[in-house]
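Here is how the chains run, residue by residue.
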Amino acid sequence: MAIEKVAVLGAGVMGQGIAAHLANAGIPSLLFDISPREGGDPRAMAKAGIANIGKLKPPALYRAADVGFITACNYDADAARLGECDLVIEVVAEVLAIKEKVFGWVAQNRKPGSIVASNTSGIPLAVMAKSMSDDMRAHFVITHFFNPVRYMQLLEIVSGADTLPSVSAAVAAFGERVLGKGIVYAKDTPAFVANRVGTYGMCSVFHHMARLGLTVEQVDAVFGKAMGRPDSAVFRTADLVGIDTLAHVIQGIHDSCPADEERGRFVVPAYVASLIEAKRLGDKTGSGFYKKVKNAEGKSEILALDLATLEYRPSEKVRFPCLGAARNAETAAEKAKIILAGTDVAAQFAWSVTADTLIYAANRVGEIADDVVNIDRGMRWGFRWEQGPFQTWDALGVQATADRMEAEGRVVPGWVKDMLASGRSSFYARDGEGSLTFAARDRSAPRVPRSVGQLSLADVKARGGEIDSNVSASLLDLGDGVLGLEFHSKMNALDDAIFPMYGKALDLLDADKYQALVVGNQAYEQGGTAFCAGANIMMVLMFAMQGDWAGLEGAVKGMQDGLMRAKYSKKPIVTAPWGLTLGGGVEVTMHSAATVACGEMYSGLVEVGVGLLPAGGGCKEMLFRYLGDIPPGVAYDPNPYVQKVFEYIATAKIFMSAGEAQDGRFLRVTDRVEMDPEAVIGSAKRAALGLVAGGYQPPRRKTIKVPGVSGRATLELGLYQFNKGGQATDYDVVVGKKVAHVLCGGDVPAGAVRTEQDILDLEREAFLSLCGNPQTQARIQHMLEKGKPLRN
């Protein structure tokens, strides 16, 4: 069932988000809405929805121009156009009568065999399908997207008793392979998977914080990053979602789940009801559990709600011994172990909520989803937990945790005890073929499901595919003659252990041991956010503070030479970036035969933020990407091209999608973009094999014509104007002049011809001179201590 065009019914915020993400995938959509009550253009409301897409924060589109994939339609004027669509997604109000009216309209206008889906978050599929024809019921599913659609990976799919298996499979394949969503197969139960477990967790928070006398800020300090949850934690998340929406979900579960053993927890707290009555609904009304104000100095300040008085007060700094003890732990699992082993009130609170949630999730297996995998994925992809409940239980130790629960009088689900009694000590395991899980329904050990084409590096290691490793990188045999280079340093930053391993990989290619190399990692599976966050600036600072300029120059030249060797390797190298790809991460990405990038790639040559410039070939590669493909014999002015490159580097421009990175030439226009992060490595391997099969040959070396001294003067004039206008500090000008010197080719006349090595030498010279400046050293120190650039 090919899905090539989609109708989205309802141009509200959720409909806008779905249509925008379809556009990100290059799928045209028709966005339908009703006519304005006052008359006029019947498509005005749909057009307003499309116009609002460009205003959504964070941005809903990969590229602003992609809004052209969306067409405004009206239910009456454009009813016949519904027949153009292969998939129809209903996104109207959560009122059954309204949905039934819309489905009646769909039945009259859809083309035979088209798939119909509802984005409902709570109305049962069986209820909505009751009045549908047999054919429409057979082609009807629930597709529950999470908001914001572009950024939330979860897509819950619910099939009915009459839904054709081919329909469910087609929607899942489209959601995963085309839209890049993580698919969770939910049962037709209230709130489905993620909201059922996640809402219970929030209700458990409400209960135990009241029992222990904790504040809003204290709760968020515990159940944020410290416990492997998103920065928005509990109450900031409630403000983002909408406090009225949260209350609606809590009440809905309470009303719809009379047999739930924890039904008594699904109660809207009095302070939540008071906030709703006062129209303090969170971000959409400007205040909720938190409120942003201007203080007496005119600076922004975040106030927190006092739950006892419902008045706002300055946010408190939260300190608990267990949080301090966990601060330096590397992984979410390590942090959780330390916190839950504590004895202070925060540790008691964290344990109580965690124990509640683990038991509740285990009791839902078979009810809301068939297995632990779908529940874990729902919480990771829908609530952005670093580990799902069963992964968390494994990390804590299932037996030890169950013993503690029972010692406190809690009831551990029988199937969990059966698993332990059988000799199995965890919900997940690995054998020589990859990942296994435990099935509660029949006590079997099925494989963790993966889609065709996905390649797990963890499974490769489980099969004995790791052929070499050090503290920061590993070499993996990906099969079919393809070698993998995996980074696993902190934030996957480039350090003095990664490039020797990269060199070993290139040696293996040169020795014909492998026919291609893929450079990538899957740190997102452990809650990571970066393909590569750049070079290890602590190492740079140490060289500079010790005055070891020869050592620093050797390190920089080693990176330059290594990446040039990779670019011109006789065997194809395919890079596979995703997430944060900054500084040296961009340079690694660009020095390749091809790149397969995740759509959610946030990339920039950001070195100026710490008073430096790209010196691993970033300046060089950008110049050659802009100027190197101009046909020989064409008289051209290099200045506008170089000015654009200067703009990107001197302002530390970050491209907020792979699409933007292609427009800016961090990626080639021919590079493949995968919407699904879990598909990137597998797709990169296939791309590498395709290059091999096509008889890969490395690129020929090129030269470029540069602006020279006169072009540099133009850029320096711009820096002067920015400085006088207060948009650049004095030291920004110092750094900017160095960038301009490199990009314009050094002290040469306009039109001079330069090689790649010429630009690399200029990069290295400028980098070393900036490292010797105390202001650069201060900026690096500030970044290391504060995690953000120093403006001086």
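Residues numbered from 1 in each chain as written. Predicted model: local features only at pLDDT ≥ 70, side-chain atom pairs only at ≥ 80, totals over all residues. Heavy atoms only, no water.

Caption draft 1: Here's a closer look at the pattern of salt bridges. Counted according to the given criterion, the structure contains 55 salt bridges. Between D356 and R265 there is a salt bridge, with the nearest N and O atoms lying 2.9 Å from each other. Separated by 91 residues along the polypeptide, D356 in helix α14 (residues 345–364) and R265 in the loop between α10 (243–256) and α11 (270–277) bring together distant segments of the chain. Taken as a pair, D356 and R265 share a single burial class, namely buried. (Salt bridge = Lys/Arg side-chain N within 4 Å of Asp/Glu carboxyl O. Helix = DSSP H or I, 4+ residues; strand = E, 2+ residues; numbered from the N terminus. Buried < 20%, exposed > 50% of the residue type's maximum accessible area, 1.4 Å probe, protein only.)

Caption draft 2: Representation of the packing of helix α22 (residues 549–567) against helix α30 (residues 756–771). For the pair α22 and α30, the least separation of the axes is 10 Å and the interaxial angle reads 150 degrees. As judged from the angle between their axes, α22 and α30 are roughly antiparallel. With respect to the hand of their crossing, α22 and α30 are arranged in right-handed fashion. Where α22 approaches α30, its residues W549, L552, E553, V556, K557, Q560, M564 and K567 are matched on the opposing element by E756, L760, E763, R764, F767, L768 and C771. For the contact of α22 with α30, a count of residues per class yields eight nonpolar, one polar and six charged. (Axes fitted to C-alpha atoms, helices over the stretch in contact; angles between N-to-C directions. Parallel < 35°, antiparallel > 145°, perpendicular 65-115°, else oblique. Left-handed = near helix turned anticlockwise from the far one by under 90°. Contact = heavy atoms within 4.5 Å. Nonpolar A, V, L, I, M, F, W, Y, C, P; charged D, E, K, R; others polar.)

Caption draft 3: Molecular detail of the nonpolar core. In terms of nonpolar packing, the biggest core is built from 113 residues, with L9, F289, F349, F390 and W415 touching the most fellow members. With 12 residues, the top contributor of residues to this core is α14. If sequence neighbours within four positions are ignored, W415 has contacts with A362, V365, V372, F390, F427, F438, A440 and R443. Counting 56 residues, the second largest nonpolar core, distinct from the first, contains L627, Y648, L715 and V748. (Core = buried A, V, L, I, M, F, W, Y, C linked by side-chain atoms within 4.5 Å.)

Caption draft 4: Expanded view of the side chain of S29. Here S29 is to be found in strand β2 (residues 29–33). For S29, a relative accessible area of 1% gives the class buried. Residues within four places of S29 in sequence aside, it is in contact with V6, A19, L22, F69, I70 and T71.

Caption draft 5: Representation of the packing of aromatic side chains. According to the stated counting rule, one finds 21 aromatic pairs in the structure shown. On the numbers, 5.3 Å between centres and 65 degrees between planes, the contact of F32 with W105 is edge-to-face. Taken together, the residues F32 in strand β2 and W105 in helix α3 (residues 96–109) connect sequence positions 73 residues apart. Taking relative accessible area as the criterion, F32 reaches 0% and is therefore assigned buried. The class for W105 is buried, based on a relative accessible area of 13%. Counting every residue linked through ring pairs, the aromatic cluster contains F390, W393, W415, F427 and F438. Positioned above the aromatic ring of W351, the side-chain terminus of R404 is 3.8 Å from the ring centre. The ring of Y636 has K705 lying over it, and the distance from NZ or CZ to the ring centre is 4.4 Å. (Phe/Tyr/Trp six-rings, centres within 6.5 Å; stacked < 30°, edge-to-face > 60°. Lys NZ or Arg CZ within 6 Å of the ring centre and 35° of its normal.)

Caption draft 6: Examining the pairing of strand β4 (residues 87–90) more closely. Burial of the side chains of β4 extends over both faces: L87 and I89 are buried on one face and V88 and E90 on the other. Bridge analysis of strand β1 (residues 6–9) against β4 gives four bridges, and the strand direction is parallel. The residue of β4 that forms the bridge with L9 is E90. (Pairing = 2+ DSSP bridges.)

Caption draft 7: Quick peek at a nonpolar patch on the surface. On the surface, a cluster of nonpolar side chains totalling about 250 Å² of accessible area is made up of M538, M542 and L784. Summarising the element assignment, L784 is placed in helix α31 (residues 774–786). (Patch = residues over 30% accessible without salt bridge, like charges linked within 9 Å, V, L, I, M, F, W, Y side chains within 5 Å. Areas by Shrake-Rupley, 256 points an atom, 1.4 Å probe, with all protein chains shown as cover.)

Caption draft 8: Fine view of the pairing of strand β21 (residues 594–598). Counting buried residues along β21, five of its five residues qualify, which places the element largely inside the surrounding structure. A two-sided burial pattern is seen for β21, the buried positions comprising A594, V596 and C598 on one face and T595 and A597 on the other. Two elements, strand β19 (residues 573–576) and β21, share two bridges in a ladder whose sense is parallel. The partner of V574 across the bridge, within β21, is A594.

Caption draft 9: The side chain of R150, seen in detail. Tracing the sequence through the fold places R150 in the loop between β6 (140–145) and β7 (154–159). Within the local environment of R150, its side chain forms a polar contact with the backbone oxygen of P59, the two atoms lying 3.2 Å apart. If we ignore the near neighbours within four places in the chain, the residues touching R150 are H21, N24, P59, A60, L61, Y62, K181, E600, Y602, M656 and S657. (Polar contact = N/O pair within 3.5 Å; in protein donor to acceptor, adjacent residues only side chain to side chain.)

Caption draft 10: Geometry of the sheet that holds strand β14 (residues 466–469). A sheet is described by the order of its strands in space; here seven strands give the open sequence β14-β15-β16-β17-β19-β21-β23, paired in mixed fashion. Each edge of the sheet is formed by a strand with only one pairing partner; in this case those strands are β14 and β23 (672–674). Looking at each pair of strands side by side, their axes are set apart by 20 degrees on average, direction ignored. Where strand β15 (residues 473–479) meets strand β16 (residues 482–487), six bridges bridge the pair, whose relative direction is antiparallel. Residue pairing across strands places L476 opposite G484, the latter belonging to β16.

Caption draft 11: Quick peek at helix α20 (residues 498–510). Under the 1.5 Å per step criterion, the end-to-end length of α20 is 19 Å for 13 residues, consistent within 8% with the ideal 18 Å. Every buried residue of α20 is accounted for by I498, F499, M501, Y502, G503, A505, L506 and L509. Where α20 is buried, its residues touch β14, β15, β16, β17 (516–520), α22 and β19. Following α20 by one or two positions, D512 has its phi on the positive side, about 60 degrees. (Expected span 1.5 Å × (residues − 1).)

Caption draft 12: Broad picture of helix α15 (residues 372–382). Among the 11 residues of α15, 11 are classified as buried, and the element is accordingly described as predominantly covered. All of the buried residues along α15 are V372, V373, N374, I375, D376, R377, G378, M379, R380, W381 and G382. Where α15 starts, the residue carrying a side-chain oxygen 3.3 Å from the main-chain nitrogen of V373 turns out to be D371. Just beyond α15, the residue with positive phi is R384, at close to 60 degrees.

Caption draft 13: Geometry of unusual backbone geometry. Residue P58 is reached from K57 by a cis peptide bond, and omega for that bond is -5 degrees. Relative to the elements of secondary structure, P58 occurs in the loop between α2 (44–53) and β3 (70–74). Of note, the bond from N147 into P148 is cis; its omega dihedral lies within 30 degrees of zero at 0 degrees. If you trace the backbone, P148 turns up in the loop between β6 and β7. A positive phi is found at D480, a non-glycine position, where the angle reads about 60 degrees. Along the chain, D480 turns up in the loop between β15 and β16. The class of D480 is exposed, set by a relative accessible area of 54%. Not every positive phi belongs to a glycine, and M491 is a case in point at roughly 60 degrees.

Note that all results are geometric; they support no functional claim without further evidence.
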